[in-house]
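Descriptive analysis of the structure
Here is what each chain is made of, one letter per residue.
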Amino acid sequence: MRARPALDPEREQARGLPLGRADFAAFRRRGVEGRHLACARHGVDLVLRDLVVFGKRQRFGFARHDGGEGPGAVEAYTIPARDAGGALVDVVAWDPAAGRLATWLGVVGMLGEDSLWRPLADKEPLVVHRDPVGWLAAGWRGVVVINDALARPALLGAGTLLTQDIAHGEAVEAMLRKVRMPRILVEAP
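All values derive from a computational prediction rather than experimental measurement.

1. Remarks on the sheet that holds strand β11 (residues 161-162)
Taking strand neighbours across the sheet as the criterion, the 4 strands line up as β8-β10-β9-β11 in an open arrangement whose pairing is mixed. Two strands in the sheet have a free side with no partner beyond their single neighbour: β8 (110-111) and β11. With 2 bridges joining them, β8 and strand β10 (residues 143-145) adopt antiparallel strand pairing. Along β10, the bridge assignment pairs L111 with V144. Helix-sheet contacts for helix α5 (residues 148-156) involve β8, β9 (126-129), β10 and β11, and the interaxial angle to β10 is about 140°. Here helix α6 (residues 166-177) sits on the sheet in contact with β9, β10 and β11, set at roughly 100° to β9.

Pasting the structure below:
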């Protein structure tokens, strides 16, 4: 039986590879400048590359823990994920070619949870980005939903939301309406 790796998101994400020229060029084609691939709001957070295995329920594992370049392992970008208080609590893997987003530990429901308090204090709407491209281009401001169930309570309490277009707004609204209500029974006399 293999020893379980330490669950330190900062250390684990830092084991990834730095971005190369091809990565910077790919981000530039998507409208993301190189300076937006790092964020110094809570220390220095970097977008890195790593070999990951996407699993179920918006989760992934690092391929180095599962024998390396085995079946299902893909190159993905990894992004540190912070909670509403700014603590680094998880890592997000993003495969732009397949449009997949997942978290390592399943702790956060959104990229940018540390942005949740800003709109409330500034009376500005919380920007909900469709994918990490817009979020990175915006200087790591706003949020990107990864896990609907985990993101829903925070978004319901976030005040006004700003989406990219009508279709995206309708998708966010539909996600927020999926509140699972408990069964209600009436006691018989």
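We are not done yet, so read on.
2. Concerning the pairing of strand β5 (residues 73-82)
Burial runs high along β5: 7 of the 10 residues are buried. Two strands pair when backbone bridges link them, and strand β3 (residues 48-54) and β5 are joined in this way by 6 bridges, in the antiparallel orientation. Directly across from V52, in β5, lies its bridge partner V74. Bridge count for β5 against strand β6 (residues 88-95) is 6 bridges, and the pairing is antiparallel. In the sheet register, A81 faces β6, and the bridge partner there is D90. The hairpin turn running from β5 into β6, its antiparallel successor, is 5 residues long, and G86 in that turn takes a positive phi close to 95°.

3. A closer look at unusual backbone geometry
In the Ramachandran plot, Q58 falls in the positive-phi region, its phi being about 55° despite a non-glycine side chain. Following the sequence through the fold, Q58 ends up in the loop between β3 and β4 (60-62). The exposure class assigned to Q58 is partly exposed, which follows from its relative accessible area of 35%. Not every positive phi belongs to a glycine, and W140 is a case in point at roughly 65°.

4. Some points on the side chain of H36
Relative to the helices and strands, H36 resides in the loop between α2 (21-29) and β1 (38-39). A polar contact of 3.2 Å, which involves the side chain of H36, links it to the side chain of R35.

5. Description of the sheet that holds β5
By way of backbone hydrogen bonds, the strands of a sheet pair with one another, either parallel or antiparallel. What the 5 strands build is an open sheet, ordered β4-β3-β5-β6-β7; its pairing is antiparallel. The sheet terminates laterally at β4 and β7 (100-103), the two strands that pair on one side only. Ignoring which end each strand starts from, the neighbouring axes of this sheet average 45° apart. Of the pairings in the sheet, the one linking β3 to β4 comprises 3 bridges and is antiparallel in character. From the neighbouring strand, V53 faces β4, where its bridge partner is G61.

6. Remarks on α6
Compared with the 16 Å implied by 1.5 Å per residue over 12 residues, the 16 Å span of α6 between its first and last C-alpha is a close match. The set of residues buried in α6 consists of H168, V172, M175 and L176. Take α6 and look down its axis: the buried residues cluster within an arc of 100°, on one side only. Residues of α6 that are exposed and point more than 90 degrees away from the buried face comprise I166, A167, E170 and R177. Close packing links the buried residues of α6 with β9, β10, α5 and β11. The opening residue of α6 is D165, an N-cap whose side-chain oxygen sits 3.2 Å from the backbone nitrogen of A167.

Rules used in this analysis
- Residues numbered from 1 in each chain as written.
- Predicted model: local features only at pLDDT ≥ 70, side-chain atom pairs only at ≥ 80, totals over all residues.
- Heavy atoms only, no water.
- Pairing = 2+ DSSP bridges.
- Helix = DSSP H or I, 4+ residues; strand = E, 2+ residues; numbered from the N terminus.
- Contact = heavy atoms within 4.5 Å.
- Axes fitted to C-alpha atoms, helices over the stretch in contact; angles between N-to-C directions.
- Buried < 20%, exposed > 50% of the residue type's maximum accessible area, 1.4 Å probe, protein only.
- Polar contact = N/O pair within 3.5 Å; in protein donor to acceptor, adjacent residues only side chain to side chain.
- Expected span 1.5 Å × (residues − 1).
- Arc of directions from axis to C-beta.

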